[in-house]
Amino acid sequence: MTLGWPMAFLVVMLAFAAIIAFSEPSRRKHEIQMAEIKSRDGEQVKELNAEYTKLATETREAQASMQADIAAIRSSVESIEQMMRDVG
């Protein structure tokens, strides 16, 4: 027994519809799980952003302090070099 092409097409479409209908509950469950993960990750992102901002501020302050220290050392070295030139 062979099926004509319209009947074969109808059988394939019905099988496709059945697969979609049976997979719908798992798809909904997956969507709920993804929404929970996204909300949890959103909180983690906010916490990480706050920590990053804090570290960036500390880094800028440390860099400014180091630049001031380097400037003081540079002027000290320049004065020592000037004294050596005057003596030498």
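Residues numbered from 1 in each chain as written. Predicted model: local features only at pLDDT ≥ 70, side-chain atom pairs only at ≥ 80, totals over all residues. Heavy atoms only, no water.

J.: Would you take a moment to explain the overall build of the protein for this structure?
T.: Looking only at helices and strands, one finds one helix and zero strands in the protein. The principal-axis extents of the C-alpha atoms in the protein amount to approximately 115 × 30 × 15 Å. Looking at the 88 residues of the protein, the share that counts as buried comes to 1%. Element-wise, carbon and sulfur atoms account for 66% of the exposed surface of the protein, whose accessible area totals about 8300 Å². (Helix = DSSP H or I, 4+ residues; strand = E, 2+ residues; numbered from the N terminus. Buried < 20%, exposed > 50% of the residue type's maximum accessible area, 1.4 Å probe, protein only. Areas by Shrake-Rupley, 256 points an atom, 1.4 Å probe, with all protein chains shown as cover.)

J.: I tried to follow a nonpolar patch on the surface on my own but got confused; where do I start?
T.: A surface patch of nonpolar side chains, about 370 Å² in accessible area, is lined by M7, L10, V11 and L14. Inspection of the secondary structure assignment puts L14 in helix α1 (residues 5–87). Given a relative accessible area of 55%, L14 falls into the exposed group. (Patch = residues over 30% accessible without salt bridge, like charges linked within 9 Å, V, L, I, M, F, W, Y side chains within 5 Å. Salt bridge = Lys/Arg side-chain N within 4 Å of Asp/Glu carboxyl O.)

J.: Quick question: what am I supposed to make of the environment of G42 here?
T.: Structurally, G42 can be placed in helix α1. Judged by relative accessible area, which is 29%, G42 ranks as partly exposed.

J.: Looking at this structure, I do not really get the pattern of salt bridges. What am I missing?
T.: Opposite charge on two side chains allows them to pair when their charged atoms are near. Tallied over the full model, the rule gives four salt bridges. Among the salt bridges present, the one from E24 reaches R27, with a minimum N-O distance of 2.4 Å. Residue E24 and its partner R27 are located together in helix α1, separated by three residues, close to a single helical turn. Overall, the relative accessible area of 40% leaves R27 in the partly exposed class. The closest approach of N and O atoms between R28 and E24, which form a salt bridge, is 3.3 Å. Here the residue R28 and the residue E24 both occupy positions in helix α1, the gap between them amounting to four residues, near one helical turn. One continuous salt-bridge network, built from bridges that share partners, spans E24, R27, R28 and E31.

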